[in-house]
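# Architecture and fold: a report
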Amino acid sequence: MLFAVAMGLHVLATDGVLAEHFPVSLTTGWRLVLVAGAAGGWVTAVAVQPTGVLMNVLTAFLGGGILLNIFVDELAPERHSSFTWFTIGLAAYSGLLAFATFTTDVGAA
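Quick notes on the rules
Residues numbered from 1 in each chain as written. Predicted model: local features only at pLDDT ≥ 70, side-chain atom pairs only at ≥ 80, totals over all residues. Heavy atoms only, no water. Helix = DSSP H or I, 4+ residues; strand = E, 2+ residues; numbered from the N terminus. Phe/Tyr/Trp six-rings, centres within 6.5 Å; stacked < 30°, edge-to-face > 60°. Buried < 20%, exposed > 50% of the residue type's maximum accessible area, 1.4 Å probe, protein only. Expected span 1.5 Å × (residues − 1). Patch = residues over 30% accessible without salt bridge, like charges linked within 9 Å, V, L, I, M, F, W, Y side chains within 5 Å. Areas by Shrake-Rupley, 256 points an atom, 1.4 Å probe, with all protein chains shown as cover. Salt bridge = Lys/Arg side-chain N within 4 Å of Asp/Glu carboxyl O.

## Describing the environment of Leu 58
Its location among the elements puts Leu 58 in helix H3 (residues 52-74). Along the chain, Leu 58 and Ser 25 lie 33 residues apart, while their C-alpha atoms are 29 Å from each other.

Given below as structure tokens:
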């Protein structure tokens with residue numbers, strides 16, 4: 001759930017960045033094409049259920065693309081960033097992940 005929320009926020013931020021860079025050409029139709037691509041990828045993953053090396057390669061490719069986009073477009077310039085708020089966010093997210101990890105019922109399977 002935490003990952004889904006983080007990815008949702010990333011998609012909203014990316015939509016804003018694309019709208020700034022392409023104010024005329026990024027219409028609702030093209031946004032629907034992007035949504036259809038994401039939905040098509042999900043349906044394909046559910047239908048094919050890739051495992052092993054293929055899953056690792058696809059995950060690495062997706063993660064690399066997301067990180068590249070974040071580094072280029074979403075991070076605030078150094079003069080507008082705050083190490084204190086970064087540390088607070090890092091600690092909060094780490095705490096949420098630790099809570100989610102340690103409160104799951106491992107023996108239920």
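## Remarks on the packing of aromatic side chains
Here a ring pair, both rings aromatic, is described through the centre-centre distance and the interplanar angle of the planes. Tallied over the entire structure, the rule returns one aromatic pair. Considering the side-chain rings of Phe 83 and Phe 86, the 6.3 Å spacing of their centres and the 35° angle between planes classify their relative orientation as tilted. Placement of both Phe 83 and Phe 86 in helix H4 (residues 83-103) is noted, with a separation of three residues, approximately one turn of the helix. Of the two residues examined, Phe 83 and Phe 86, each falls in the exposed class.

## Quick word on helix H2 (residues 28-48)
Taking 1.5 Å per residue, 21 residues should reach 30 Å; H2 reaches 30 Å between its end C-alpha atoms and fits that length. Trailing H2 by a residue or two, Gln 49 shows a phi angle of about 50°, which is positive.

## Concerning a nonpolar patch on the surface
Together, Leu 67, Leu 68, Phe 71, Val 72 and Leu 75 line one region of the surface with nonpolar side chains, adding up to about 540 Å² of accessible area. Residue placement: Val 72 occurs in helix H3. Here Val 72 falls in the exposed class, since its relative accessible area comes to 59%.

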